[in-house]
Amino acid sequence: MLAGIAAFAACGLAAQTAPPPQVAAPDQKSNPFLGSVATGEVSAQPIDLSLDDAIQRGLKNNLGIILSGTQSSGARGQRLSQLQALLPTVDLSAQANVLEVDLPAQGLRFPGLPTIIGPFGYVDIRAKLNWTLINVNSLRSYLAARHNFTAATLTAQDAQDMVVLTVGNAYLLVLADQAEVDSAEAQLATAKVSLDQAVANHQAGTAPLLDELRARVDEQTIDQQLIVARNALDKDKLALARVIGLPLAQQFNPSDKAPYSAFDQFDVDAAIRQAHANRKDLAAMVEQTKAAEEQRKAATADRFPTLKFQGDYGDIGVTLGHSHGTGDATGTASIPVFKEFEFRGEAEEAQSQLDTQKAELSDLNAQVDADVRDALLDIRSAQQQVEVARSSVALAHEALSEAQQRYKAGVSDNLAVSQAQASVAQADNQYVASLYRHNVAKLSLARALGAGQNYKNYVGGK
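First, a word on scope: everything that follows refers to the structure included in this document.

Let's shift gears to the overall build of the protein chain. Tallying secondary structure elements over the protein chain gives nine helices and six strands in all. The dimensions of the protein chain, computed from C-alpha atoms along their principal axes, are 145 × 50 × 35 Å. Looking at the protein chain alone, contacts between residues at least 24 apart form 81% of all its contacts between residues at least 6 apart. With an accessible surface of roughly 24,400 Å², the protein chain has 55% of that area assigned to carbon and sulfur atoms. For the protein chain, the separation between the mean place of its 39 positive charges and that of its 52 negative charges on side chains is 3 Å.

Okay, here's the thing in structure tokens:
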């Protein structure tokens, strides 16, 4: 059953702009949000882990958010490097020189003069200034780097929403696994009661051997389902530990129960407006488009003249006590005369990147709308399924009780009991799956609205 749940999660989360957090089949290379940096010591005793605790751990240790932070730092470094191109650079140097010259070796032979001059020396302490006063290309490149840094910062903020979605999905999947284990254990206990009754009736001669065999098959079938459910629970616990940075050797128990509260905020237009105002990935894409526009302008600015200033001032002499200040200044104006193919190539490349960025921005705007609409549709559908599943569970348990009483009274065989037990198992599984879908859909809505940090406003109830 949970394989189907995982498939639903994959479909529901694939609409997000970042890589979909599919906990059931992790692939850290393609999706860093499924990895983490493990921290903390392993305790011999299992710890209780709430949804809030898991999300807070994920916000600190998840690999996706860590990499987003490093990318933001890299963009900050690029911005500073581009800024330096607009500012003056000053270098200070100090040197002491000792020379001895062999005049004949230099081709100089004068009668009456010594062939060796020196040794002699001088000391030079000097500051050099270089400043590009006018360079439109450097200015545009700096503005592009500034937009890229803003985009990286927004992407790091968006990563927090992705962590909430990833960790929340993983935690809810563990709760669904636990609910399935509990259901299978309850069904196994009921099957054992039915088996004991069938054995007793057969030994008393009031029921055929077929009833006992049928009851044993039912018990063993449920026992196999319980083994599979426990294995899935253990594996999904490991997946949850991976995304929140919990040591894999640390045992834990989820302390929260699967929440449920009816959702009635289905104003699509208002939700879409909120998403466009709050989605950090959309804002980051806008900044990246602005950066591409500045890079396109920078490519055109290569044709403009540049003005540079170079100067130095220092103190030079035989010794510092016998020295004198000297300096020079140079202004250089450069005008490109013929670099037409280089300029055209850079312009076409920059224009191509800008066109690509605009197309991706347009697509992301549409994707934001789709994310909101998909999440609202999933919530509405899952909410209806929860209500139907609740009724089905109650009816299935009532039918099982009726079948058990009839078999105990000897008015029917245990075939009806076996069928009723299967109906209870199916109804329980449907309820667990629909509850999981409902909560994941609300988490997806929070992500789609750019409100992942306020997940408690969406996933709540009892």
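For the pair helix 6 (residues 268-278) and helix 8 (residues 340-409), interaxial distance at closest approach is 10 Å and the crossing angle is 135°. By the criterion of interaxial angle, the relationship of helix 6 to helix 8 is oblique. Helix 8 is crossed by helix 6, and the crossing has right-handed handedness. Residue-level inspection shows Val-268, Ala-271, Ile-272, Ala-275 and His-276 of helix 6 in contact with helix 8, the latter providing Asn-365, Val-368, Asp-369, Val-372, Arg-373 and Leu-376. A breakdown of the residues in the contact of helix 6 with helix 8 according to their chemical character gives seven nonpolar, two polar and two charged.

Oppositely charged side chains may form a pair once their charged atoms are brought near each other. Counting across every chain of the model gives 13 salt bridges. One salt bridge in this structure joins Arg-126 and Asp-124, with 3.1 Å as the shortest N-O distance. Each member of the pair, Arg-126 as well as Asp-124, carries the same accessibility label: buried. Each member of the salt-bridge network shares a partner with another, and the members are Asp-158, Arg-279, Asp-281, Asp-371 and Arg-447.

Turning our eyes to something else, we now look at the pairing of strand 5 (residues 306-319). Inspection of the sheet shows strand 3 (residues 116-134) paired to strand 5 by eleven bridges, in the antiparallel sense. Paired with Ile-125 across the strands is Asp-315, a residue of strand 5. As paired strands, strand 5 and strand 6 (residues 322-334) are joined by 13 bridges and run antiparallel to one another. Residue Asp-312 lies in a different strand from strand 6, and its bridge partner there is Asp-328. Two successive antiparallel strands, strand 5 and strand 6, enclose a turn made up of two residues.

What follows covers the packing of helix 4 (residues 136-204) against helix 9 (residues 415-448). Where helix 4 contacts helix 9, the axes come no closer than 10 Å and their chain directions differ by 170°. In terms of orientation, helix 4 and helix 9 fall into the roughly antiparallel class. For the contact of helix 4 with helix 9, the residue count by class is 15 nonpolar, ten polar and five charged.

Quick look at the packing of aromatic side chains now. Throughout the structure, instances matching the rule amount to one aromatic pair. Centroid distance Phe-263 to Phe-266: 5.5 Å. Interplanar angle 90°. Geometry classified as edge-to-face. Phe-263 gets classed as buried once you look at its relative accessible area, which sits at 7%. A cation sits over an aromatic face here: Lys-237 above Phe-252, 5.5 Å from the ring centre.

Tracing the backbone shows Leu-377 in helix 8. The class of Leu-377 is exposed, set by a relative accessible area of 55%. For the pair Leu-377 and Ala-441, spaced 64 residues apart in sequence, the C-alpha to C-alpha distance is 8.7 Å.

This next bit is on the sheet that holds strand 5. Strand order in the open sheet formed by four strands is 2-3-5-6, and the pairing between neighbours is antiparallel. The sheet is open, and its two edges are formed by strand 2 (89-102) and strand 6, each paired on a single side. Ignoring strand direction, the axes of neighbouring strands in this sheet form an average angle of 20°.

Between its first and last C-alpha atoms helix 9 spans 49 Å; for 34 residues at 1.5 Å apiece the expected length is 50 Å, and the two agree. Once helix 9 finishes, Gly-450 follows within two positions and takes phi at roughly 75°, a positive value.

Turning to the nonpolar core, a few remarks are in order. Within the largest apolar cluster, 41 residues are counted, with the highest numbers of intra-cluster contacts made by Val-167, Leu-240 and Ile-244. Ignoring sequence-local partners within four residues, the contact set of Ile-244 consists of Ser-36, Leu-49, Ala-54, Arg-57, Gly-58, Asn-61 and Val-167. With 20 residues, the next largest nonpolar core counts Met-285, Leu-445, Ala-448 and Ala-451 among its residues.

Calculation rules
Residues numbered from 1 in each chain as written. Predicted model: local features only at pLDDT ≥ 70, side-chain atom pairs only at ≥ 80, totals over all residues. Heavy atoms only, no water. Helix = DSSP H or I, 4+ residues; strand = E, 2+ residues; numbered from the N terminus. Contact = heavy atoms within 4.5 Å. Areas by Shrake-Rupley, 256 points an atom, 1.4 Å probe, with all protein chains shown as cover. Lys, Arg positive; Asp, Glu negative; His and termini not counted. Charge placed at Lys NZ, Arg CZ, Asp CG, Glu CD. Axes fitted to C-alpha atoms, helices over the stretch in contact; angles between N-to-C directions. Parallel < 35°, antiparallel > 145°, perpendicular 65-115°, else oblique. Left-handed = near helix turned anticlockwise from the far one by under 90°. Nonpolar A, V, L, I, M, F, W, Y, C, P; charged D, E, K, R; others polar. Salt bridge = Lys/Arg side-chain N within 4 Å of Asp/Glu carboxyl O. Buried < 20%, exposed > 50% of the residue type's maximum accessible area, 1.4 Å probe, protein only. Pairing = 2+ DSSP bridges. Phe/Tyr/Trp six-rings, centres within 6.5 Å; stacked < 30°, edge-to-face > 60°. Lys NZ or Arg CZ within 6 Å of the ring centre and 35° of its normal. Expected span 1.5 Å × (residues − 1). Core = buried A, V, L, I, M, F, W, Y, C linked by side-chain atoms within 4.5 Å.

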